[in-house]
Structures are given as C-alpha cells and as structure tokens.
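So the chains spell out like this:
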Amino acid sequence: MERTLAIVKPDAVERGHSGEILKRIEAQGLKISALKKIHLTRAQAERFYDVHKERPFYQSLCEYMTSGPVVIAVLSGEQAITRWRTLMGATDPAKAAPGTIRKDLGVDVQSNAVHGSDAPETAAREIAFFFSTTELLT
Ligand code: UDP
Ligand code: MG
C-alpha cells in the first residue's frame, strides 16, 4: 500500500471538473483517504513548490495556484504514486497521452488541471504539508 497527494488545480476546480477527476480516481481503483477544499495562501504555494524556486515559471506557478480554491486529496492503493501519475498524463497537456486527465481537461503547460507527487519521499512531504496523520483514513 502506498499513498500519494493529488491536487485539483484552480483552473479545473473553476471549470467544475473536481467531480469528474475524483470519479476517474475511484474508477482506477484508488481510494480517497482524505479530502479538502482550500484556497492556498501565497506563502503556502511558495513553500509547496519550493523545489522549483529557481525555475523561470516559479512566480507564475505560485500566482496560478493561488488564483482560486483547490481540491486536495490523499490517494492510497498499490503503486498509488505511479498509477496517479499515469492517470494524470504528461505535464504539458499537448504532449499527454489520450484519455489522461491533462489531455482531456488541461489547458496548457501551467494550467494542467492536476498535481501528483512524483516519488515516495515527495509524497510523504506533500501529504504532511496538508494533512495530519489522524486525518488519513483507510
Ligand atoms: N509548469 C509550468 N511551466 C513549465 C513546467 C511546469 O508552469 O514549463 C507548472 C505546471 O503547473 C506543473 C508544475 O509547474 O504541473 C510543476 O512542474 P513539474 O515539472 O513538477 O511537473 P508535474 O510534476 O506537475 O508534471
Ligand atoms: Mg512535479
């Protein structure tokens, strides 16, 4: 059993895709172990994306991630990290495989509908960033 963090980003929440995305997660057999909707502060976004702070898109990314509420979930299951990344598709929706969330619901390389942890260490950090251990169910 593995856990990963999923975020429905502001563009997808705004366009009413939260339910569709959660539906695809459950249809894939992943469990939703925790769930909440929040509006990230600028400080939270900057800390969450700390790893990208030297990248040219960092400021724009933080601006975008605070532009509206996000839906944040902890997903669990066998190989949850890879399975969620596969369901998401490539970072750039234009390059994402057919049937992936980013291909179907993403707008561009920044407004790409969803976030997913990329490794066990980042998943642990990202889950702890938003949830306490007592909030993680099954
Ligand atoms: N991003 C961007 N421009 C880029 C690359 C990434 O705005 O050229 C944004 C995009 O929203 C992406 C996030 O920064 O999801 C984090 O980038 P990363 O390379 O970690 O992609 P991911 O892991 O989300 O596929
Ligand atoms: Mg990433």
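As a reminder, the structure under discussion sits directly above these lines.
(A) Main features of the overall build of the chain. The helix and strand inventory of the chain stands at 7 helices and 4 strands. Counting from the amino terminus, the chain carries its helices and strands in the arrangement β-α-α-β-α-α-β-α-α-β-α. Relative to the compact-globule value of 14 Å for 138 residues, the chain shows a C-alpha radius of gyration of 14 Å, a close match. By principal-axis analysis of the C-alpha atoms, the chain measures approximately 35 × 35 × 25 Å. Here the chain, with 138 residues, has 48% of them falling under the buried criterion. Restricting the contact set of the chain to residue pairs at least 6 apart, pairs at least 24 apart contribute 75%. Carbon together with sulfur atoms contributes 54% to the accessible area of the chain, which is approximately 7,100 Å² in total.

(B) Fine view of unusual backbone geometry. Positive phi outside glycine occurs at Gln79, with the angle close to 55°. The class of Gln79 is exposed, set by a relative accessible area of 52%.

(C) Representation of the side chain of Lys9 in the model. The residue Lys9 is located in the loop between strand 1 (2-8) and helix 1 (10-14) in this model. The buried charged residue Lys9 lacks any salt bridge partner; its closest oppositely charged side chain belongs to Asp11, at an N-O distance of 6.9 Å. Once residues lying within four places of it in the same chain are set aside, the contact partners of Lys9 are Tyr49, Tyr64, Met65, Val70, Arg102, Gln110, Asn112, Ala113, Val114 and His115.

(D) Just the site of ligand 1, in detail. Around ligand 1, the neighbouring residues are Lys9, His52, Phe57, Leu61, Arg85, Thr91, Arg102, Val109, Gln110 and Asn112. Lys9 places a polar side-chain atom, nitrogen or oxygen, 2.8 Å from an oxygen atom of ligand 1. For ligand 1, the accessible surface in isolation is 500 Å², of which the surrounding protein chains cover 81%. With respect to the detected pockets, ligand 1 is housed in the largest pocket. Of the residues that constitute the shell around ligand 1, the class distribution is 3 nonpolar, 4 polar and 3 charged.

(E) Broad picture of the pairing of strand 1. The element strand 1 is extensively covered by neighbouring structure, given that 5 of its 7 residues are classed as buried. Both strand 1 and strand 3 (residues 70-77) contribute to a ladder of 7 bridges, which runs antiparallel. Residue pairing for strand 3: Glu2 is matched across the bridge by Gly77. Relative to strand 4 (residues 114-116), strand 1 runs antiparallel, the two being bridged by 3 bridges. Of the residues in strand 4, the one forming a bridge with Ile7 is His115.

(F) Summary view of helix 2 (residues 18-27). What helix 2 keeps buried is the set Ser18, Ile21, Leu22, Arg24 and Ile25. All buried residues of helix 2 fall inside an arc of 155° around its axis, so they share one side. Among the exposed residues of helix 2, those oriented more than 90 degrees off its buried face are Lys23, Glu26 and Ala27. Gly29 sits one or two positions beyond helix 2 and adopts a positive phi of about 90°.

(G) Summary view of the environment of Ile32. Relative to the helices and strands, Ile32 resides in strand 2 (residues 31-38). Residues Ile32 and Ala113, spaced 81 residues apart in sequence, show a C-alpha to C-alpha distance of 18 Å. The residues touching Ile32, leaving out its near neighbours within four places in the chain, are Leu22, Ile25, Glu26, Ala73, Val74 and Leu75.

Reading the values: the criteria
Residues numbered from 1 in each chain as written. Chains lettered and ligands numbered in written order. Predicted model: local features only at pLDDT ≥ 70, side-chain atom pairs only at ≥ 80, totals over all residues. Heavy atoms only, no water. Helix = DSSP H or I, 4+ residues; strand = E, 2+ residues; numbered from the N terminus. Rg over C-alpha atoms; globule rule 2.2 N^0.38 Å. Buried < 20%, exposed > 50% of the residue type's maximum accessible area, 1.4 Å probe, protein only. Contact = heavy atoms within 4.5 Å. Areas by Shrake-Rupley, 256 points an atom, 1.4 Å probe, with all protein chains shown as cover. Lys, Arg positive; Asp, Glu negative; His and termini not counted. Salt bridge = Lys/Arg side-chain N within 4 Å of Asp/Glu carboxyl O. Near = heavy atom within 4 Å. Polar contact = N/O pair within 3.5 Å; in protein donor to acceptor, adjacent residues only side chain to side chain. 1 Å grid on protein atoms, 1.4 Å probe; cavity = no way out; pocket = protein on both sides within 12 Å on 5 of 7 lines; lining within 4 Å. Sits in = over half its atoms within 2 Å of the grid points. Nonpolar A, V, L, I, M, F, W, Y, C, P; charged D, E, K, R; others polar. Pairing = 2+ DSSP bridges. Arc of directions from axis to C-beta.

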